[in-house]
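Coordinate analysis (summary)
Residues per chain, in single letters:
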Amino acid sequence: MIAVFVLKRIGAGVVLLLVLSFLVFSLLSLSPGTPLQALLGTRTASPELIDSLNVRYHLNDPFVVQYGRWLGDVVRLDLGSSISVQGGTAVGDILGERLALTAELALYALLLVLTVGLPLGMAAGIRRGRRLDRAVSLGATMAISAPAFVMAIVLLYIFGVALKWFPVYGTGTGFTERVSHLTLPAVTLATVLSAVLIRQTRAAMMNVMSQDYVAFARLRGLSPRRILVRYALRNASLPVITSLGLILVSLLSSTLFIEQVFSLPGIGTLLLQAVTNTDVPVVQGTVLILGAAVILINLAVDLLSLVVDPRVRLVAKEGA
Amino acid sequence: MSELTATPPQNEADPAAPAGSRRLRPPVLVWISGAVAAAILVLVTVGVWIAPYDPMHQDLMNTAAGPGNGHLLGTDSLGRDVLALLMSGAHNAVIGPLVIALGAVLFGTTLGMMAGWYGGLLDTLLCRWADLMYALPGLLVVVVVVGVIDGGYWLAVCVLLVLSLPTAFRMTRSVAAAQARLPYVEAARTLGLPAGRIIFRHILPNIMPTVLATFLLDFVGALIGLSGLSFLGLGAPAGTPDWGSLLQDGQSMLTVNPWVSLAPGLLLVLTATSITLLGDWMYDRFTEEGAHR
Amino acid sequence: MSPAAATDGPLLSVRDLEVRTAAGRTLVHKASFDLKAGEVLGIVGESGSGKTLTARALVQALPEGVVADGDIDFDGTKILQSSARDLRPLRGSRFAMVLQDPFTALNPLQTVHEHIRESLDPKFRAGRVTARAEVERRLAEVGLAKEVADRYPFQLSGGMRQRVVIAAALARDPQLLIADEPTTALDASTQAQVLDLLRTLQRERGMALILITHDLRVAFSVSDSIMVMYSGTVLEHAPASSMSAAPRHPYSLGLLLAEPSVTHYQDTLSFIPGQVPAADTVTSRCAFADRCRWSTPSCTDKAPPLADITRVEDAARHTSACVRIAEIGAQMDDAMRSHAARPGIAPTPTTGAPLLQVTDLGKTYRSNSLLGRRTQTTVLKGVSFTLARGESLGLLGETGSGKTTTARCILGLTAATAGSIELDGVDITDYRRLRGEQRAQVRGKVQVVFQDPYASLNPSLTVGAALSEALSAGAGNERAPSSLEELLGLVGLSSSYAVRKPSALSGGERQRVAIARSLAVGPELLICDEPVAALDVSVQAQVLELLRDIRSRFKTSMLFITHDLSVARQMTDRTLVLRGGEVVEAGPTAQLLDAPEHAYTQSLVAAVSGHAPVTARSDR
């Protein structure tokens with residue numbers, strides 16, 4: 001049953017990606033700067049050069065034909081090659097390289113969220129109304145209101161420029177150097193994510209703790225530990241899981257800004273470069289990857305809520 | 001958990017219920033937030049007139065200087081006074097978000113009330129549309145659209161407005177639908193009052209707090225989004241004072257005059273935090289869902 | 001009543017219990033009582049009486065922001081002076097509490113097995129097999145099959161959930177169980193079963209039981225003694241038999257008389273005028289004085305003490321807080337006697353031409369599940385009936401019987417999926433098909449009063465604004481009242497109410513305003529959807545009397561939707577019994593309730609506590 005559900009969702013996702021790629025393609029044709037200008041760069045626009053470029057990149061074909069050709073190549077797993085961002089390099093290769101860096105950054109941040117952010121939030125939830133809770137809540141409100149790029153610059157200034165603890169830009173080579181280069185960006189990303197999670201968990205906890213079933217659990221003399229874990233945290237996690245998809249997706253935007261501030265060649269900066277240079281194959285490839293990420297994240301979150309909530313699980317079983 | 005909650009016909013009043021959840025946000029903070037918001041509004045309207053210098057005046061003998069020498073926050077790479085740039089930049093930073101939040105609330109609330117009131121196919125379609133929009137990484141979409149078309153500030157405002165619609169739509173839809181099912185609305189229907197009158201006289205006043213809170217939260221989202229675009233060089237036109245572009249300019253001067261970047265950044269955080277606190281407080285204090293949070 | 005009742009010394013002793021808000025507002029004032037082991041105490045009161053707060057104070061479970069003061073001695077433990085940490089080992093093992101709403105009392109993410117297992121004594125909890133066997137034994141004890149153990153709460157009915165709650169509360173065999181309105185959220189037939197279960201468990205275990213309820217009948221059916229609370233104070237504490245035969249406080253008497261009879265029609269429904277005052281305002285006087293017909297200045301001089309008035313016929317100690325009880329006792333006995341001796345004669349209905357004709361009404365909801373599978377729920381099937389002009393027809397049924405859906409179809413708030421509805425010759429099956437002018441006419445003919453007085457009025461409009469709006473909607477109808485004053489007068493409210501907002505009104509007053517709004521267009525048919533179900537007993541009768549008055553004055557036809565047999569008895573000429581969306585029995589109300597034919601109707605009638613067992617008509 002679950003398999004049917006997953007297959008259906010993946011099918012719908014592929015259709016969505018098709019629509020998305022077509023929309024982006026149409027959008028690109030509205031762009032004021034033509035790819036030709038980008039290709040020419042500073043060279044003199046001799047008619048021969050223009051002709052050869054037009055032929056090479058099929059720039060004279062009608063819009064739909066161009067899209068059809070691109071789509072046909074994608075089906076054969078060929079995303080074309082970059083026009084202006086990294087002239088001539090296969091888009092697949094560029095994406096692979098950039099994606100790897102962004103994934104490293106995301107993993108690092110996730111590690112920080114799990115080891116620092118969430119425990120802090122839980123501690124605040126448990127010691128509700130005390131000083132720690134107030135401090136964490138206000139911090140979370142500020143962190144949520146602070147744009148990622150502001151937070152990145154502030155951290156960059158304090159720990160990179162003023163204290164000189166961490167490098168200011170670049171990616172570094174070798175494991176230790178890479179970690180030290182990615183620390184500030186990862187901390188920024190982790191703060192943004194933790195802030196959202198803490199606020200949501202806290203609100204959910206307050207709601208759950210006022211429920212009858214918690215009162216009844218106390219009246220039966222269950223241990224505070226059990227009430228906290230089996231009653232409060234489990235129930236509070238439901239609304240958080242439901243919104244986890246939105247949170248993770250919005251995180252993709254934060255990544256763009258953070259990569260930009262720290263000059264990291266990740267997938268976000270790639271998108272920005274491709275878009276400002278009207279590099280059609282790269283824009284298409286990046287959008288496709290990001291779109292797929294969004295669809296997979298949402299699917300994973302739905303599956304997670306299926307695992308956690310018996311109501312959804314049993315309804316799903318009866319339904320399919 | 002709403003599907004599990006039955007309304008017991010006899011319920012002894014619980015005198016402590018409303019107080020508990022509201023103590024945590026000290027009103028002092030709300031007052032400060034209000035004051036900050038008011039100050040920002042002043043800057044938006046008259047900032048350019050009360051600025052200590054002409055923000056566009058370049059003093060090429062005195063570039064990227066730290067605070068001092070008559071410049072409270074120093075100067076930028078072209079020798080312009082940072083404080084003056086900040087004060088006059090408030091206009092660009094805030095006007096767009098105001099338009100976005102107003103538009104989103106106006107259209108979103110109207111659509112939300114229609115969906116909540118009529119239900120049926122219209123409701124289903126609008127909800128599916130909102131779900132789809134919601135699932136998009138909004139800022140990335142704006143970057144792609146604005147970057148590709150190269151459309152500038154007002155295009156960015158339009159795209160952000162469209163992207164903010166689902167939030168306003170969803171919030172008003174759920175409260176409007178809840179109100180529409182209440183007996184007092186059904187009694188109004190039974191009296192044969194026209195739909196428009198029921199929606200505007202009966203439902204709207206009762207969901208107003210939610211609408212206002214949505215407005216404030218939308219505003220914060222737009223403020224961050226739009227200044228972010230400027231930071232990427234896609235928002236405010238080059239040459240006009242703007243917090244986001246100032247922030248970006250200043251990044252290369254962090255070692256000589258960090259205030260070029262830090263000051264607009266902190267101002268953004270301060271504005272966004274204040275408005276968020278105001279919105280949260282309003283939501284907790286005046287709406288039913290908030291009261292039960 | 002119970003075998004273990006004869007031990008020495010009380011199990012629980014409460015002296016001068018005060019419950020206040022953190023700000024110092026009094027909610028319960030000087031409550032004192034004792035409870036012996038194995039005894040059943042019923043605490044009876046309307047909303048705002050402080051009965052729930054009293055019960056919660058007993059186990060230190062008051063809501064945040066409320067504090068208790070005084071002496072509570074539970075078998076040697078000073079409850080109020082103990083820390084939460086000290087009390088925890090006693091919870092579940094020495095005393096336990098069952099909450100009102102079984103729909104919210106269980107963790108939605110845990111199976112029944114997990115609920116009961118976690119509540120067991122550690123020695124049963126440990127081993128997998130031992131625990132399983134013990135859980136199944138506990139389930140059997142509350143009448144549930146062992147398969148229930150693997151279900152989640154959302155898969156169970158309300159009655160089953162309450163049984164699980166009881167099993168979990170009793171899992172460590174406490175000596176005292178406090179049950180706070182344990183049956184209020186349940187249907188009548190389930191209510192009787194759960195009460196039976198509680199009574200059986202209490203007797204088998206020799207456990208003390210405190211039952212909090214607003215329903216005197218429920219209290220009588222279970223308790224050894226009954227304590228009546230009002231506005232935060234205890235007014236009378238008596239053996240159940242004495243209370244039902246000869247109450248010794250005017251308020252207890254008023255409550256008893258205000259309960260509409262289920263066995264016979266009453267010409268006049270007696271009620272207590274006025275409304276419950278805030279507990280804080282009556283700490284130094286008799287709380288009931290303002291509504292008492294025997295009140296004298298001596299009643300309001302100082303707070304009357306709870307005095308011992310035990311007489312020979314009392315099975316146990318009997319106390320009353322009425323200072324004049326010696327003078328007025330005889331008059332109260334008279335009132336009881338004349339009430340019992342006066343079964344009124346139901347007026348013969350003046351049946352006119354048919355006003356409303358419902359034929360084969362059906363309603364099916366379709367919904368898409370998460371995975372895109374369609375599901376259908378049929379809530380109404382083949383419902384047909386006719387309502388004559390001037391008639392009052394009852395729709396009797398439990399939750400999910402389709403009675404409210406029927407009303408909503410007639411009102412055009414939802415569209416039927418089968419059958420037809422005709423009102424005064426106009427086909428109103430689908431309001432959307434009516435022409436504008438026709439629709440306006442129909443709207444003027446049928447109006448509604450809903451159950452919930454709190455949601456029935458727009459909180460942002462004053463009474464005057466809401467009623468004026470309704471009056472303008474009914475302008476042109478000659479049956480409609482002509483002015484706001486006249487309209488308010490019809491429902492017994494002075495014109496000063498026009499400027500008030502709903503938040504400043506009591507439940508009964510709100511319901512009066514809601515009735516006024518429906519009368520504003522001069523309707524010929526008034527649909528009353530459980531109009532008194534959310535009101536206190538003393539106010540219920542006021543509203544029922546008002547509706548009777550309207551019916552006799554305007555010859556308004558009524559469709560009376562209720563789950564309450566006594567309301568059907570008092571308010572309707574004919575009754576339809578609905579179950580699962582279908583009509584199972586119909587007939588003149590008196591006949592239907594005296595000699596029900598269908599097994600379901602019989603079970604409904606039998607479920608009403610205190611009602612004589614009924615026999616089917618064929619047995620007579």
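Rules used in this analysis
Residues numbered from 1 in each chain as written. Chains lettered and ligands numbered in written order. Predicted model: local features only at pLDDT ≥ 70, side-chain atom pairs only at ≥ 80, totals over all residues. Heavy atoms only, no water. Helix = DSSP H or I, 4+ residues; strand = E, 2+ residues; numbered from the N terminus. Rg over C-alpha atoms; globule rule 2.2 N^0.38 Å. Buried < 20%, exposed > 50% of the residue type's maximum accessible area, 1.4 Å probe, protein only. Contact = heavy atoms within 4.5 Å. Areas by Shrake-Rupley, 256 points an atom, 1.4 Å probe, with all protein chains shown as cover. Lys, Arg positive; Asp, Glu negative; His and termini not counted. Charge placed at Lys NZ, Arg CZ, Asp CG, Glu CD. Domains from an automatic or database assignment. Buried area = accessible area lost by both parts, 1.4 Å probe. Salt bridge = Lys/Arg side-chain N within 4 Å of Asp/Glu carboxyl O. Polar contact = N/O pair within 3.5 Å; in protein donor to acceptor, adjacent residues only side chain to side chain. Core = buried A, V, L, I, M, F, W, Y, C linked by side-chain atoms within 4.5 Å. 1 Å grid on protein atoms, 1.4 Å probe; cavity = no way out; pocket = protein on both sides within 12 Å on 5 of 7 lines; lining within 4 Å. Points joined across faces, edges and corners; volume = space filled by probe spheres on them. Nonpolar A, V, L, I, M, F, W, Y, C, P; charged D, E, K, R; others polar. Pairing = 2+ DSSP bridges. Axes fitted to C-alpha atoms, helices over the stretch in contact; angles between N-to-C directions. pLDDT = per-residue confidence, 0-100. Phe/Tyr/Trp six-rings, centres within 6.5 Å; stacked < 30°, edge-to-face > 60°. Lys NZ or Arg CZ within 6 Å of the ring centre and 35° of its normal. Disulfide = S-S within 2.5 Å.

1. Some points on the overall build of chain C
In terms of helices and strands, chain C carries 21 helices and 22 strands. In summary, chain C has a C-alpha radius of gyration of 26 Å against a globular reference of 25 Å for 620 residues, a match within 12%. A buried classification covers 58% of the 620 residues belonging to chain C. Put simply, 67% of the contacts in chain C that link residues at least 6 apart link residues at least 24 apart. Of the accessible surface of chain C, which amounts to about 24200 Å², a share of 50% is contributed by carbon and sulfur atoms. Here chain C contributes 67 positively and 68 negatively charged side chains, and the mean placements of these two sets differ by 4 Å.

2. Comments concerning the domain arrangement of chain A
Much of the literature gives interface size as the accessible area that the parts lose upon coming together. Residue and element names in this part refer to chain A. With domains assigned, chain A is organised as domain 1 (2-75) and domain 2 (99-317). Taking only C-alpha atoms into account, the centre of domain 1 sits 33 Å from that of domain 2. If you look at the interface, domain 1 gives 20 residues, while domain 2 gives 15 residues. The contact between domain 1 and domain 2 buries some 1500 Å² in all, and 80% of this surface belongs to carbon and sulfur atoms. Together, R9, L17 and L28 form the three largest contributors to the area buried by domain 1 at its contact with domain 2, with a combined 33%.

3. Considerations on the interface of chain B and chain A
With 45 residues of chain B at the contact, the number on the chain A side is 46 residues. Between chain B and chain A, the buried area comes to about 4000 Å², and carbon and sulfur atoms account for 81% of it. At the surface where chain B touches chain A, the tally comes to one salt bridge. Where A:R199 meets B:D280, a salt bridge forms, and the shortest distance between an N and an O atom there is 2.9 Å. Remark: the boundary between chain B and chain A carries two residue pairs in polar contact (both at pLDDT 80 or more). Of all the elements in the fold, those that place two or more residues in the side of chain B that touches chain A are α4 (120-134), α5 (138-149), α8 (195-231), α9 (243-251) and α10 (259-286) of chain B.

4. Points about the nonpolar core
One finds C:I515 and C:L547 to be the most contacted residues of the largest nonpolar core, which totals 183 residues. Looking at which element gives the most residues to this core, the answer is α8(B), with 16 residues. The contact partners of C:L547, leaving out residues within four places of it in the chain, are C:I515, C:L526, C:C528, C:P531, C:M558, C:F560 and C:M571. Listed in part, the 74 residues of the second largest apolar core include C:L11, C:F74, C:M97 and C:M207.

5. Here's the deal with the layout of surface pockets
Estimates place the volume of the second largest pocket at around 1500 Å³. Along the walls of the second largest pocket sit 48 residues, with B:W117, B:R189, C:G412, C:L413 and C:R443 positioned nearest its centre. Of all elements in the fold, only α3 (82-118), α4, α6 (153-180), α7 (183-190) and α8 of chain B together with α13 (403-411) and α14 (436-445) of chain C reach the threshold of two or more residues within the lining of the second largest pocket. The biggest single contributor to the lining of the second largest pocket is α14(C), with seven residues. Of the residues assigned to the lining of the second largest pocket, the class counts are 19 nonpolar, 15 polar and 14 charged.

6. Some thoughts on the sheet that holds strand β21 (residues 574-579) of chain C
Hydrogen bonding along the main chain pairs the strands of a sheet, whether they run parallel or antiparallel. All names here are of chain C. The sheet built from six strands is open, its strands ordered β18-β19-β20-β15-β21-β22 with mixed pairing. Looking at which strands have only one partner, the edges of the open sheet turn out to be β18 (446-449) and β22 (582-588). On average, each strand axis in the sheet is inclined to that of its neighbour by 20°, with strand direction left out of account. Note: β18 against strand β19 (residues 525-529), four bridges, orientation parallel.

7. Digging into the pairing of strand β4 (residues 66-74) of chain C
Residues and elements named next belong to chain C. Relative to β4, strand β1 (residues 12-21) is paired through eight bridges, and the arrangement is antiparallel. Note on β4: the bridge partner recorded for R15 is D71. Adjacent in sequence and paired antiparallel, β4 and strand β5 (residues 77-78) are bridged by two residues, among which D75 carries a positive phi angle near 50°.

8. Structural notes on the confidence of the model for chain A
Per-chain confidence: chain A averages 82 in pLDDT, with 92% of residues scoring 70 or above. No element of chain A has a lower mean pLDDT than helix α13 (residues 310-319) of chain A, which averages 63, and none a higher one than helix α9 (residues 212-219) of chain A, which averages 92.

9. Regarding the domain arrangement of chain C
All names here are of chain C. Annotation of chain C at the domain level lists domain 1 (247-345) and domain 2 (390-414 + 431-609). Relative to domain 2, the C-alpha centre of domain 1 lies at a distance of 30 Å. The interface of domain 1 with domain 2 comprises 20 residues on the first partner and 16 residues on the second. Interface area for domain 1 against domain 2, summed over the two sides, is near 1500 Å², with a carbon-plus-sulfur share of 58%.

10. Overview of the interface of chain A and chain C
Listed by partner, the interface residues are 31 residues for chain A and 30 residues for chain C. Summing the contributions of chain A and of chain C, the shared interface buries around 2800 Å²; its carbon and sulfur component is 60%. Area buried by chain A at its contact with chain C is led by A:F216, A:L219 and A:R220, which between them contribute 26% of it. Run the count over chain A and chain C and you get three salt bridges. Residue C:E118 pairs with A:R226 through a salt bridge whose shortest N-O separation is 2.6 Å. In this structure, the connection of chain A to chain C is made through 14 residue pairs in polar contact (both at pLDDT 80 or more). Elements represented by at least two residues in the side of chain A that touches chain C include exactly α1 (2-29), α9, α10 (224-261), α12 (280-308) and α13 of chain A. By residue class, the composition of the side of chain A that touches chain C is 16 nonpolar, four polar and 11 charged.

11. With respect to the packing of aromatic side chains
Residues and elements named next belong to chain C. Here the structure, examined in full by the defined rule, presents 13 aromatic pairs over all chains. Both rings, one in Y230 and one in F288, keep their centres 5.4 Å apart while their planes meet at 90°; by these two values the pair is edge-to-face. Here Y230 is found in strand β9 (residues 225-230), whereas its partner F288 is found in the loop between α10 (250-258) and α11 (297-301), with 58 residues between them in sequence. Residues Y230 and F288 agree in their burial class; the two are buried. Here the basic side chain of K363 rests over the ring of Y365, its NZ or CZ set 4.8 Å away from the ring centre.

12. Looking at the environment of A:I258
Its location among the elements puts A:I258 in helix α10. Taking the C-alpha atoms as reference points, A:I258 and A:R313, separated by 55 residues in sequence, lie 38 Å from one another.

13. Re the pattern of salt bridges
Applying the stated criterion to the full structure yields 44 salt bridges over all chains. Notably, a salt bridge pairs B:D131 with B:R170, separated by 2.4 Å at the nearest N-O pair. Pair noted here: B:D131 is in helix α4 and B:R170 is in helix α6, with a separation of 39 residues, a long-range link. For B:D131, a relative accessible area of 38% puts it in the partly exposed group. Accessibility expressed as a relative area gives 31% for B:R170, which makes it partly exposed. A single salt-bridge network, built from bridges that share partners, covers C:E134, C:R137, C:R138, C:E141, C:D173 and C:R205.

14. Overview of the side chain of C:T572
All names here are of chain C. Its location among the elements puts T572 in the loop between α19 (565-571) and β21. Here T572 falls in the buried class, since its relative accessible area comes to 8%. At a separation of 2.8 Å, a polar atom in the side chain of T572 contacts the side chain of T589. In this view, T572 contacts S392, L393, G394, F560 and T589; residues no more than four positions away in its chain are not counted.

15. Concerning the side chain of A:S194
Along the polypeptide, A:S194 turns up in helix α8 (residues 175-209). Leaving out residues up to four positions away in the same chain, A:S194 has contacts with A:V113 and A:G117.

16. Some details on the state of the cysteines
Residues and elements named next belong to chain C. Considering all chains together, one arrives at zero disulfides over all chains under this definition. Between C528, a cysteine without a disulfide, and C409, which holds the nearest cysteine sulfur, the sulfur-to-sulfur distance is 18 Å. The buried category is assigned to C528, whose relative accessible area is 0%.

17. Points about the sheet that holds β9(C)
All names here are of chain C. Ordered by their spatial adjacency, eight strands build an open sheet running β6-β7-β8-β3-β9-β10-β12-β11, and the pairing between neighbours is mixed. The open sheet terminates on both sides in strands that have one partner only, identified here as β6 (95-98) and β11 (307-308). Of the pairings in the sheet, the one linking strand β3 (residues 40-44) to strand β8 (residues 208-213) comprises five bridges and is parallel in character. For V40, the partnering residue across the bridge sits in β8 and is L209. Docked against the sheet, helix α6 (residues 158-169) engages β6 and β7 (176-180), running at close to 170° with respect to β6.

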